[in-house]
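Remarks on the overall topology
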Amino acid sequence: MASLAQVLVVDDDPAIRTSMSLLLESEGYKVAEAEDGLEAIVFISQSIPDVVVSDLNMPRMSGFELLSEVQRRFPQIVTIAMSGAYRDADELPPKARA
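Quick caveat, the model's predicted, so the values are computed rather than measured. (Residues numbered from 1 in each chain as written. Predicted model: local features only at pLDDT ≥ 70, side-chain atom pairs only at ≥ 80, totals over all residues. Heavy atoms only, no water.)

**Examining the overall build of the protein chain**
Counting its regular elements, the protein chain contains 3 helices and 4 strands. The helix and strand sequence of the protein chain, counted from the amino end, reads β-α-β-α-β-α-β. Across the 98 residues that make up the protein chain, the buried fraction comes to 39%. Sequence separation of at least 24 residues holds for 63% of the intrachain contacts in the protein chain that already meet a minimum separation of 6. Element-wise, carbon and sulfur atoms account for 53% of the exposed surface of the protein chain, whose accessible area totals about 6000 Å². (Helix = DSSP H or I, 4+ residues; strand = E, 2+ residues; numbered from the N terminus. Buried < 20%, exposed > 50% of the residue type's maximum accessible area, 1.4 Å probe, protein only. Contact = heavy atoms within 4.5 Å. Areas by Shrake-Rupley, 256 points an atom, 1.4 Å probe, with all protein chains shown as cover.)

**Looking at a negative patch on the surface**
A surface patch of like charges, here negative, comprises Asp-12, Asp-13, Glu-35 and Glu-39. Tracing the backbone through its elements, the reader meets Glu-35 in the loop between strand 2 (30-34) and helix 2 (37-46). (Patch = residues over 30% accessible without salt bridge, like charges linked within 9 Å, V, L, I, M, F, W, Y side chains within 5 Å. Salt bridge = Lys/Arg side-chain N within 4 Å of Asp/Glu carboxyl O. Lys, Arg positive; Asp, Glu negative; His and termini not counted. Charge placed at Lys NZ, Arg CZ, Asp CG, Glu CD.)

**Quick notes on the environment of Val-78**
Tracing the chain through its elements places Val-78 in strand 4 (residues 78-82). Along the chain, Val-78 and Val-52 lie 26 residues apart, while their C-alpha atoms are 6.3 Å from each other. For Val-78, the contacting residues outside a window of four places in its chain are Asp-50, Val-51 and Val-52.

**Observations concerning unusual backbone geometry**
With a phi angle near 65°, Arg-60 is a residue other than glycine that sits in the positive phi range. Here Arg-60 shows up in the loop between strand 3 (51-55) and helix 3 (63-73).

**Observations concerning the pairing of strand 1 (residues 6-10)**
For strand 1, the buried fraction is high: 5 of the 5 residues fall into the buried class. Residues of strand 1 alternate between two faces, with Gln-6, Leu-8 and Val-10 on one and Val-7 and Val-9 on the opposite face, all of them buried. As paired elements, strand 1 and strand 2 share 5 bridges and run parallel to each other. Of the residues in strand 2, the one forming a bridge with Gln-6 is Lys-30. As for the winding sense of the linkage, the β-α-β connection from strand 1 through helix 1 (residues 14-26) to strand 2 is right-handed. (Pairing = 2+ DSSP bridges. Right-handed = clockwise from strand over helix to strand, strands pointing away.)

**Regarding the sheet that holds strand 4**
Taken in spatial order, the 4 strands of this open sheet run 2-1-3-4, and their pairing is parallel. At either margin of the open sheet sits one strand with a lone partner, and together these are strand 2 and strand 4. Each neighbouring strand pair of the sheet contributes to a mean axis angle of 20°, computed without reference to strand direction. Relative to strand 3, strand 1 runs parallel, the two being bridged by 4 bridges. (Axes fitted to C-alpha atoms, helices over the stretch in contact; angles between N-to-C directions.)

**Description of helix 3**
Along an α-helix, a turn takes 3.6 residues, which lines up residues three or four apart on a common side. All of the buried residues along helix 3 are Gly-63, Leu-66, Leu-67, Glu-69, Val-70 and Gln-71. For helix 3, the secondary structure elements touched by its buried residues are strand 1, helix 2, strand 3 and strand 4. Of the residues flanking the start of helix 3, the one acting as N-cap is Ser-62, its side-chain oxygen 3.3 Å from the backbone nitrogen of Phe-64. (Polar contact = N/O pair within 3.5 Å; in protein donor to acceptor, adjacent residues only side chain to side chain.)

Limitation: the analysis is restricted to geometry and does not speak to function.
Structure (structure tokens):
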């Protein structure tokens, strides 16, 4: 039997983290949480997840910085960006990539 994918949810808003975690767990994923990019990097250095779902606007280390670092150092990890600050892709900064 294949092992469940592990997803790391990164968001500084505890309600968003909890909601995303509950949703993903209800679909059968193993979920870990981090409150910002720095905490996420520490987690990834100890246990590499299959997927990182990250908010873009966070204190200490933004999602832009986190996802860039993850893609550079851990290209096997699937990255997904999320944010309530942007309405569509045209509003994203040009270097945003996830």
